[in-house]
Amino acid sequence: MLSSFKDIEVFKITKAHHSIHMLKASGNLHNYVPCNLFIQNVTHDLMITALDGKKLPAVTVFSKALQYMRKIVIDDLDKQVAHPNRSILWILTVPAIWSHAARQVMRTAATQAGFDSGNNSLMLALEPEAASIYCIEIDDLLHSASSNNSHLVVDCGGGTVDIAVHRWGKYPVTDEFYVDEIHKVHGGPWGSFAVNKQFDLFLKELLQLSDTEVLTHFEAQWNKLIYDDFEQSKCMFGPADRLIKVDIPSKIVKYIRNKNKASIEGLIKLYGNNLLEWDDEEEAIVISHDFMLGFFKPVFDQIIHSIDSILKSPECRSVNKIMLVGGFAVNQYLYDDIAKSFPNCSLERGQNPWLSVVLGAVKFGKNHDVIRSRLMRQTLGIETFDDFVHGYHDEKYKKKVEDKLYCTKVFTKFFDVDEKISVEQSGTEVTFTPAANVEDKCQLKVYGSYDKDVKYVDDCYVAGTVVIDGLPSPRSGLSREVKVRADATGPQITITAKCNGNTKQLKLDFLLK
């Protein structure tokens, strides 16, 4: 929860729900903004709606949550090491399927929270990559007798599922290992909270409750029910469980009784499904295995369909190992469903699958070059002029300048979608000259597309902007030709610009469009 002074007061969900109840009782809830941080799609203008309906910028909420966690770490280290903050490299993990804009939002939040002190003390790591590094080392796959040195990683978190395919090997001289991405990462909003959402919708329908009623009368108890009580049952649910009990808070039970002049047992009978029962003594809904499965199946089907489509691709047909990691990986039914769907693959999840990303991120921080290559998720380039070629260029882009014909709005590429980018490689160098009315600084738009064969920027979207300053004046007589090159070897893309003998490393701003 955020206080009116925007400080984190309570972080853990269960504790937060209890605090909301206590604050309401004391009449002080108006000084606090209780927020739910389970966000799947992060954008620069995202607003988070608190449980009381108030809205805050997502970057503010993320920053305060990260600041809270940072303080806990620093306070703990301070008891063990003198001046711990001076030598910490912080690793912030993000889903690989997140856009570059979403990654930038999180980096901005982390910087505001004090993680980046300006000396490269903050690094982003992609979660399936971190998990893959951990699995390779912990399972001693480098010394395995198997000739098939590749696996598919399914990182099942709370909001998203990332699916990546990696191949590993060893450098002959240093004996260090490397990881190559051999299929573009895929995934979606199929994390464990998608199951909670299914249960949330069902329970409101069963109890004939509107969103407004829940928010007005018992939002704290309801959110504890959905994201704590049901969460425990959900994570442990498997084929062996015949009946699941979900306790309904007494406040909700009383509200239903007063509102409908009927019991929850009566509403269950009215619902007309014999796979549901009511335990009046424990005030709990008893859910049969088959009915409980209905909350999971749509989510599992999405995950399995995605795995299947990846394994059928030409570059992945030899992959026969699946690593299941993330907090949702502990669910036995998910494990069994994947194992049954892919009998020709070995399926492993290790002893602590929920720690794979964290422990792998530590290893990545020590040696980020362990990821030797990645595949581009989009085609990226800039707008340039070209000599007009009749029959090749579109007539509508023809422009005459000093008796010479040019084609405007030409899309000149740094990278192609699905192109393999290694740690030693940067994008194609592209040359352009700023317009004559541009003085010492220009904004260069970087365009993106999910197609390879793109000729004009009108067929693209604006991916981001880079600001290039220090240009010679148009009246100086000096060359204003700028050579730009993109670097996509890390989780974030950077730009190198050269002009008149000067070279600058620039950040591509995916939020400025």
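Residues numbered from 1 in each chain as written. Predicted model: local features only at pLDDT ≥ 70, side-chain atom pairs only at ≥ 80, totals over all residues. Heavy atoms only, no water.

Enquirer: Sorry if this is basic, but what is going on with the sheet that holds strand S17 (residues 398–401) here?
Expert: As a general point, the strands of a sheet are linked pairwise by backbone hydrogen bonds and lie either parallel or antiparallel. The strand order S17-S18-S16-S21-S22 describes an open sheet built from five strands, whose pairing is antiparallel. Of all strands in the sheet, those with a lone pairing partner are S17 and strand S22 (461–469), marking the two edges. Each adjacent strand pair in this sheet contributes to an overall mean axis angle of 40°, direction not counted. Looking at chain direction, strand S16 (residues 379–387) and strand S21 (residues 441–449) are connected through four bridges and run antiparallel. Counterpart to Leu380 in the pairing with S21 is Gly448. (Pairing = 2+ DSSP bridges. Helix = DSSP H or I, 4+ residues; strand = E, 2+ residues; numbered from the N terminus. Axes fitted to C-alpha atoms, helices over the stretch in contact; angles between N-to-C directions.)

Enquirer: Any chance you could explain the pairing of S16 here in plain terms?
Expert: Regular strands place their side chains on alternate faces of the sheet. Note that S16 and strand S18 (residues 404–415) share seven bridges and pair antiparallel. Bridged to Asp387 within S18 is Tyr406.

Enquirer: In this structure, what is going on with unusual backbone geometry? I would like to understand it.
Expert: With the exception of glycine, most residues fall at negative phi, and the peptide bonds are largely trans. The phi torsion at Glu402 lies on the positive side, around 50°, for a residue other than glycine. Mapped onto the elements, Glu402 comes out in the loop between S17 and S18. Glu402 sits in the exposed class, given a relative accessible area of 77%. Although it is not a glycine, Asn500 sits at a positive phi angle of roughly 60°. Within the fold, Asn500 resides in the loop between strand S24 (494–499) and strand S25 (502–507). (Buried < 20%, exposed > 50% of the residue type's maximum accessible area, 1.4 Å probe, protein only.)

Enquirer: It is not clear to me how the pattern of salt bridges should be interpreted in this structure. Could you clarify?
Expert: Once the charged atoms of two side chains with opposite charge are near each other, the side chains can pair. For the structure on display, the rule yields 24 salt bridges. The salt bridge involving Asp279 is made with Lys245; its shortest N-O contact spans 2.8 Å. Here Lys245 lies in strand S10 (residues 243–247) and Asp279 lies in strand S11 (residues 276–279), a separation of 34 residues in the sequence. Assessed through its relative accessible area of 18%, Asp279 is described here as buried. Lys245 is the partner of Glu282 in a salt bridge, and the nearest nitrogen-oxygen pair spans 3.4 Å. Of this pair, Glu282 sits in the loop between S11 and strand S12 (284–288) while Lys245 sits in strand S10; the two residues are 37 residues apart in sequence, bridging distant segments of the chain. On the accessibility criterion, Lys245 (38% relative accessible area) is partly exposed. Residues joined in a network through salt bridges with shared partners are Lys197, Asp200, Lys204 and Asp211. (Salt bridge = Lys/Arg side-chain N within 4 Å of Asp/Glu carboxyl O.)

Enquirer: Looking at this model, I keep getting lost on the confidence of the model for the protein. Mind explaining?
Expert: Interpretation of the predicted coordinates at a detailed level should be avoided for regions scoring low in pLDDT. The predicted model of the protein has a mean per-residue pLDDT of 84, with 87% of residues at 70 or higher. Below a pLDDT of 50 lies the segment residues 9–38, which in the model reaches 63 contacts outside its immediate sequence neighbourhood of four places, other chains included. (pLDDT = per-residue confidence, 0-100. Contact = heavy atoms within 4.5 Å.)

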